[in-house]
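Here are the chains, one letter per residue:
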Amino acid sequence: MPPIISSLLDTDLYKFTMWQAMLHRHPQTQARYEFVCRNTPEYPLSELLPEVERELDALCALSFARDELDYLGSLRFIKSDFIDFLRIFRFQRAFIEARAEGDTLHIVAHGPQVHVMGFEIYVLAIVNELY
């Protein structure tokens, strides 16, 4: 089964503009993002843990392809130093943890905000698709 996220462009453009702003203005800021399911699912999300772990590993193996960087670089509001940052960027598995507690699935990203803020949209897509 192919991974759910196959490209780091599988997010919204707003996330890239915020990411760039964080890199330029607050690169030292630490943050914590936590996945929260706001309703009661039909079956326990904790059962998704093995698949979530596999998908997070796959996400952390991705990097931006040249054509993806070329596309982002063609946008007038994306600066060249941000493209240079993305060229060497890779999500670090050490900054995100998934665990089950009873029926609840906990996913927490903690570390440099310029790094962990990017997990948000991908985690939501992974959980949604697996569910």
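Above this text you will find the structure in question.
Since this is a predicted model, take the numbers as computed values, not measurements.

Participant: What should I look at first to understand the environment of Val52 in this one?
Facilitator: The residue Val52 is located in helix 2 (residues 49–60) in this model. Along the sequence, Val52 and Met22 sit 30 residues apart, while their C-alpha atoms lie 27 Å from each other. When sequence neighbours within four positions are dropped, the list of residues in contact with Val52 reads Ala98, Leu105, Ile107 and Leu130.

Participant: Is there a simple way to explain the packing of aromatic side chains in this structure?
Facilitator: Where two aromatic rings form a pair, the distance of their centres and the angle of their planes describe that pair. A full pass over the atoms with the stated rule returns 13 aromatic pairs. Clustering of aromatic rings is evident, with ring pairs tying together Phe16, Trp19, Phe64, Phe82, Phe85, Phe89, Phe91, Phe119 and Tyr122.

Participant: So what exactly am I meant to see when it comes to helix 4 (residues 80–88) here?
Facilitator: What sets the pattern is the α-helix's 3.6 residues per turn: residues three or four places apart point alike. Taken together, the buried positions of helix 4 are occupied by Phe82, Ile83, Phe85 and Leu86. Projected onto a plane normal to the axis of helix 4, the buried residues spread over an arc of 155° and lie on a single side. Facing away from the buried surface of helix 4 by more than 90 degrees, the exposed residues are Ser80 and Ile88. Where the residues of helix 4 are buried, they touch helix 1 (13–25), helix 3 (66–74) and helix 5 (113–116).

Participant: What should I look at first to understand the sheet that holds strand 3 (residues 104–112) in this one?
Facilitator: Strands in a sheet are paired, the pairing made by backbone hydrogen bonds, and the direction either parallel or antiparallel. Pairing in this open sheet of 3 strands is antiparallel, and the strands run 1-3-2 from one edge to the other. The strands lining the two open edges of the sheet, one partner per strand, are strand 1 (30–34) and strand 2 (96–101). Here the strands of the sheet are splayed against their neighbours by 20° on average, with no regard to which way each runs. One ladder, built from 6 bridges, connects strand 2 with strand 3; its direction is antiparallel. Looking at the pairing, Ala98 lines up with Ile107 of strand 3. Running over the sheet, helix 2 touches strand 2 and strand 3 and is turned about 175° from strand 2. Where helix 6 (residues 119–130) meets the sheet, its contacts fall on strand 2 and strand 3, and the angle it forms with strand 3 comes to roughly 160°.

Participant: Is there a simple way to think about the side chain of Lys15 in this case?
Facilitator: Following the sequence through the fold, Lys15 ends up in helix 1. Side chain to side chain, Lys15 and Glu120 meet in a polar contact 2.6 Å long. Other than its neighbours up to four places away in sequence, Lys15 contacts Met117, Glu120 and Ile121.

Participant: Any chance you could explain the packing of helix 3 against helix 4 here in plain terms?
Facilitator: The packing of two helices is summarised by the inter-axis angle and the distance between the axes. Relative to each other, helix 3 and helix 4 sit at 160°, their axes nearing to 10 Å. By the angle between their axes, helix 3 is roughly antiparallel relative to helix 4. The element helix 3 and its partner helix 4 pack so that their crossing is right-handed. Only Ile83, Leu86 and Arg87 of helix 4 make contact with helix 3, whose side of the interface consists of Leu69, Leu72 and Gly73. Class assignment of the residues belonging to the contact of helix 3 with helix 4 gives a composition of 4 nonpolar, 1 polar and 1 charged.

Definitions and cut-offs
Residues numbered from 1 in each chain as written. Predicted model: local features only at pLDDT ≥ 70, side-chain atom pairs only at ≥ 80, totals over all residues. Heavy atoms only, no water. Helix = DSSP H or I, 4+ residues; strand = E, 2+ residues; numbered from the N terminus. Contact = heavy atoms within 4.5 Å. Phe/Tyr/Trp six-rings, centres within 6.5 Å; stacked < 30°, edge-to-face > 60°. Buried < 20%, exposed > 50% of the residue type's maximum accessible area, 1.4 Å probe, protein only. Arc of directions from axis to C-beta. Pairing = 2+ DSSP bridges. Axes fitted to C-alpha atoms, helices over the stretch in contact; angles between N-to-C directions. Polar contact = N/O pair within 3.5 Å; in protein donor to acceptor, adjacent residues only side chain to side chain. Parallel < 35°, antiparallel > 145°, perpendicular 65-115°, else oblique. Left-handed = near helix turned anticlockwise from the far one by under 90°. Nonpolar A, V, L, I, M, F, W, Y, C, P; charged D, E, K, R; others polar.

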